[in-house]
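Reading the structure
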Amino acid sequence: MKFKLYIVSISVISLFGYFYLKDNIKYSNSYEVISYSNDYEIGIIKIPLLNIDRKLMQGLDNKYYLDHNYLNMDSNNGEFFLDTYGDLLNNNNSIIYSSTNNLDVNDIRINDIVNIKYLDNDLCYKVLSINNNLKHDLIIKLLDRNKEYNIFLLKNNC
């Protein structure tokens, strides 16, 4: 009799736990909740028209993530990463670097939107110019062995 009561008690507690968790865990898409892979991941960068939806890193130098991914493995594509001393909330003229393997510069257009989830803050930018240094809030610097491309962005209300 005690054994049956014990089984029934465990079943009731398990069902209660299941329904409690089911009602109290909020599900959302990956843009709203950031699951950090390592200490150097600071957010997500999205460029909708280019189908870019990548992790945004910030390393100890401005070279490491050119040839490493967010898992710290060697990678030909690298990752998008904020300048070592950059701060998108408190600094204008910050720089995000990436290798050109991540992006086809010819597909970028003036007024394209760039969304960044940075330390749980939603930021929105508009492409102002490519390789023409105008007053800007952020630069995406695409590095290639032979050439460097600069995409100048202004903060925008999306």
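These remarks concern the structure in this document. (Residues numbered from 1 in each chain as written. Predicted model: local features only at pLDDT ≥ 70, side-chain atom pairs only at ≥ 80, totals over all residues. Heavy atoms only, no water.)

1. Some remarks on the overall build of the chain
- Looking only at helices and strands, one finds one helix and eight strands in the chain.
- Of the regular secondary structure in the chain, the N- to C-terminal order runs α-β-β-β-β-β-β-β-β.
- Expressed as a percentage of its 158 residues, the buried residues of the chain come to 39%.
- Residue pairs at least 24 apart in sequence account for 47% of intrachain contacts in the chain once pairs closer than 6 positions are excluded.
- Just so you have it, the chain exposes about 10,300 Å², and 52% of that area is on carbon and sulfur atoms. (Helix = DSSP H or I, 4+ residues; strand = E, 2+ residues; numbered from the N terminus. Buried < 20%, exposed > 50% of the residue type's maximum accessible area, 1.4 Å probe, protein only. Contact = heavy atoms within 4.5 Å. Areas by Shrake-Rupley, 256 points an atom, 1.4 Å probe, with all protein chains shown as cover.)

2. A few points about the nonpolar core
- In this structure, Leu88, Ile96, Val114, Ile116, Tyr125, Ile140 and Leu153 are the most contacted members of the largest nonpolar core, which totals 23 residues.
- Within the residue set of this core, elements represented by two or more residues are strand 1 (41-47), strand 2 (52-57), strand 3 (80-82), strand 5 (113-118), strand 6 (121-130), strand 7 (138-143) and strand 8 (148-155).
- The residues contacting Tyr125, other than those within four sequence positions of it, are Leu88, Asp112, Ile113, Val114, Ile116, Asp137, Leu138, Leu153, Leu154, Lys155 and Asn156.
- Core analysis: the second largest hydrophobic core is formed by seven residues, Met57, Tyr65, Ile95 and Phe152 among them. (Core = buried A, V, L, I, M, F, W, Y, C linked by side-chain atoms within 4.5 Å.)

3. Section: the sheet that holds strand 7
- Pairing is mixed in the closed barrel, where eight strands are placed in the order 1-2-3-4-7-8-6-5. Pairs of neighbouring strands in the sheet enclose a mean axial angle of 30 degrees, with direction left out of account.
- Where strand 3 meets strand 4 (residues 94-99), two bridges bridge the pair, whose relative direction is antiparallel. Bridge assignment links Leu82 to a residue of strand 4, and that residue is Ile96. (Pairing = 2+ DSSP bridges. Axes fitted to C-alpha atoms, helices over the stretch in contact; angles between N-to-C directions.)

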